[in-house]
Amino acid sequence: MHQFAAVWTFGMPKRGYHHGNLRQALVDAALQLIEAKGPTGFTLSEAAKQAGVTPAAVYRHFEGRDDLIAEAARQGYEIFADLMEFAYQKGQPSALAAFSATGRAYLAFARKHPGHYIAMFESGISVNRTVELAAVSARANAVMEKAASDLSQHIPLDKRPPASMFSAHIWAMSHGVVELFARNSPGRASPFPADELLETGIGIYLRGLGLIKPDQSD
């Protein structure tokens, strides 16, 4: 069998994909469509056309659009988790630098991988849809919890919030900045850069916990 087979559409030959790379070609096509039209703004037929194959070929790999988006989300979480881990390690040995770096990594990911970001956080696809998606989502979350746990050791035990709560606060703040001010939302232009909003927000939060002094930069 040849690696590439001709797929005929409306009498015109189009270059099709071998079964080994068709699945990824469809995910790549879906990411482009998600970014352009949103997670519910395209059909499987459009994804197939974008990938250069017949609609029937899609169903050999995905049962429906949600399955295709879930795979895009899974791949996004893989990139996201790796980026968060890299940021955490780069901030070492300072617990404060490592924690702050994970917040900035969230913003950087959303900017560099908008299609993945939308599939992960705006598609309505549950992270528990598949075992693989749940596992990689948990890995990404664990990095931020690890950074929060390291930093929280500097808070007196009787005033120390759980690491999961600590990390959730920063995750929510990062997500809010991305959604409101870093993705060109209509009517929500900020007078301040998204990076500055996030940095100052994290700084205020950490000062409230007594982790940095009022005149100390985070």
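For every chain, the first residue of its written sequence is number 1, and the numbers climb from 1 along that sequence. pLDDT decides what is reported in this predicted model: residues at 70 or higher carry local features, side-chain atom pairs at 80 or more are listed and counted, and totals for whole chains, interfaces and linings draw on all residues regardless. In computing side-chain properties, one takes all heavy atoms of the structure into account and sets aside hydrogens as well as water.

1. Quick notes on the overall build of the chain
Quick reminder of the rule: Secondary structure is summarised from DSSP: a helix means a run of H or I of at least four residues, a strand means a run of E of at least two, and numbering begins at the N terminus for each. Burial classes follow relative accessibility: with a 1.4 Å probe on protein chains only, a residue under 20% of its type's maximum area counts as buried, one over 50% as exposed, and anything between as partly exposed. The criterion used for residue contact is that any of the two residues' heavy atoms lie within 4.5 Å. What sets the accessible areas is the Shrake-Rupley method with a 1.4 Å probe; for residues, cover comes only from the shown protein chains.
When you go through the chain residue by residue, the secondary structure sums to nine helices and two strands. Seen in sequence order, the chain has helices and strands lined up from the N terminus as β-β-α-α-α-α-α-α-α-α-α. Counting the 218 residues in the chain, one finds 43% classified as buried. Sequence-distant contacts, at least 24 apart, represent 63% of the contacts inside the chain between residues at least 6 apart. Carbon and sulfur atoms form 56% of the exposed surface of the chain, whose accessible area is close to 11,800 Å².

2. Focus on the nonpolar core
Nonpolar side chains in soluble globular proteins tend to be buried together. So the rule is basically this: Only buried residues count toward a nonpolar core. Its members are Ala, Val, Leu, Ile, Met, Phe, Trp, Tyr and Cys residues joined through side-chain atoms within 4.5 Å.
Counting residues in hydrophobic clusters, the biggest one holds 66 residues, and the most contacted among them are Leu68, Phe80, Phe166 and Leu206. Ranked by the residues each element gives to this core, the list is headed by helix H4 (residues 65-91), at 11 residues.

3. Considering the environment of Arg104
Note that Arg104 resides in helix H5 (residues 95-112). Here the alpha-carbon distance between Arg104 and Glu199, two residues 95 residues apart in the chain, equals 7.9 Å.

4. Observations concerning the packing of aromatic side chains
Aromatic rings in a pair are described by how distant their centres are and how their planes are angled relative to each other. Using the following cut-off: Put simply, two rings from Phe, Tyr or Trp (the six-membered ring, in Trp's case) pair if the centres are within 6.5 Å, and we call them stacked under 30 degrees between planes, edge-to-face over 60, tilted for the rest.
Per the stated rule, a full pass over the model turns up 13 aromatic pairs. On the basis of an interplanar angle of 65° and a centroid distance of 6.4 Å, the ring pair of Tyr77 and Phe80 is categorised as edge-to-face. You can see Tyr77 and its partner Phe80 sitting in helix H4, three residues apart, about one turn around the helix. The class of Phe80 is buried, set by a relative accessible area of 0%. Consider the rings of Tyr77 and Phe121, whose centres lie 5.8 Å apart with planes at 70°: the pair is edge-to-face. Taken as a pair, Tyr77 in helix H4 and Phe121 in helix H6 (residues 114-121) lie far apart in primary sequence, 44 residues in all.

5. A short note on the UniProt feature "DNA-binding region" (unreviewed entry) in the chain
We apply this condition: UniProt positions are given in the numbering used here, feature names are shortened, and annotations may be inferred rather than shown by experiment.
Under the UniProt annotation, "DNA-binding region" (unreviewed entry) lies at residues 43-62. Helix makes up 60% of residues 43-62 and strand 0%. Its end C-alpha atoms lie 13 Å apart.

6. Quick notes on the environment of Leu133
Structurally, Leu133 is set in helix H7 (residues 131-152). With a relative accessible area of 1%, Leu133 lands in the buried category. Linking Leu133 and Gln75, residues 58 residues apart in sequence, is a C-alpha distance of 8.5 Å. Setting aside its immediate chain neighbours within four residues, Leu133 contacts Ala70, Ala73, Arg74, Tyr77, Ile125, Ser126 and Val127.

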